[in-house]
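This is what each chain is made of:
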Amino acid sequence: MTDSDTNDGDAERERVSVPNEVEFPRMLDFYELQTEDQTQIHEFYDNLRDGQLTTTQCRDCDEIHFPPRIVCPECTGDDLEYVDLPHEGELFAFSEVRGGLPIGLSEHEVPYVVAVVDLGPVRLSGRVDGAAYSDLEIGDSVSLKIVEIDGPTDEERVFYRFEATDTTTDGDSQ
Ligand SMILES: [Zn+2]
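Read on for an overview of the structure. On a predicted model such as this, the values are computed, not experimentally measured, just so you know.

Cut-offs applied
- Residues numbered from 1 in each chain as written.
- Predicted model: local features only at pLDDT ≥ 70, side-chain atom pairs only at ≥ 80, totals over all residues.
- Helix = DSSP H or I, 4+ residues; strand = E, 2+ residues; numbered from the N terminus.
- Buried ≥ 20, exposed ≤ 12 C-beta atoms within 10 Å, placed from the backbone.
- Contact = placed C-beta atoms within 7 Å.
- Core = buried A, V, L, I, M, F, W, Y, C linked by C-beta atoms within 7 Å.
- Pairing = 2+ DSSP bridges.
- Axes fitted to C-alpha atoms, helices over the stretch in contact; angles between N-to-C directions.

### As for the overall build of the protein
Scanning the protein from N- to C-terminus turns up 2 helices and 7 strands. Helices and strands in the protein line up, N terminus first, as α-α-β-β-β-β-β-β-β. By residue count, 16% of the 174 residues in the protein fall in the buried class. Contacts in the protein between residues at least 24 apart in sequence constitute 51% of all its contacts with a sequence separation of at least 6.

### Side note on the nonpolar core
Within the largest apolar cluster, 14 residues are counted, with the highest numbers of intra-cluster contacts made by Ala115 and Val128. Elements supplying a minimum of two residues to this core: strand S3 (88-97), strand S4 (112-118), strand S6 (141-149) and strand S7 (157-164). Per-element tally for this core: the top contributor is S4, with 3 residues. Filtering out sequence-adjacent residues up to four positions away, Val128 remains in contact with Phe94, Val113, Val114, Ala115, Val142, Phe162 and Ala164.

### Some words on the environment of Gln40
If you trace the backbone, Gln40 turns up in the loop between helix H1 (3-12) and helix H2 (42-49). Taking the C-alpha atoms as reference points, Gln40 and Arg69, 29 residues apart in sequence, are found 8.5 Å from one another.

### Some remarks on the environment of Val97
Within the secondary structure, Val97 sits in strand S3. If sequence neighbours within four positions are ignored, Val97 has contacts with Val110, Pro111, Tyr112 and Val114.

### A closer look at the sheet that holds strand S5 (residues 123-129)
With mixed pairing, the 5 strands of this closed barrel are ordered in space as S3-S4-S5-S7-S6. Sheet twist, expressed as the mean angle between neighbouring strand axes with direction ignored, is 50°.

The following block contains the structure:
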């Protein structure tokens with residue numbers, strides 16, 4: 001290749017650039033917006049922000065739902081009230097997430113554990129912190145943990161997770 005070859009090439013080339021940072025797109029934010037004008041179950045988030053896990057119970061048929069509802073899926077009544085849920089439960093099922101996270105969720109360092117937690121009145125799924133998959137067993141105790149969510153909105157948002165409370169990290173000592 002000669003000098004004249006490369007010079008000819010350079011003269012024809014247009015420059016393109018790649019941004020150093022990409023703003024986190026709202027569409028990849030999978031946490032619900034939580035205020036009264038954004039969701040009809042805002043009371044769930046208001047209570048969670050105050051440190052209490054709650055859900056709806058139907059005043060007509062007594063059914064307890066999770067997630068919270070605005071209409072009872074059992075009797076289609078809409079006379080619902082928010083009731084407290086226990087903050088302690090046990091693992092009904094669990095698995096480990098090893099990849100496939102949306103861009104920008106850098107705090108979600110894989111692997112982490114997700115579980116179906118039996119709280120008594122309801123079973124719900126959530127992330128479990130404080131233990132590795134290999135440390136956990138069905139029936140292990142977990143307790144509620146509330147986390148605050150940063151961006152991409154300016155709102156104060158919270159979400160629930162669970163924390164393992166009786167992992168047997170030093171062997172089969174159960
Ligand atoms: Zn009902």
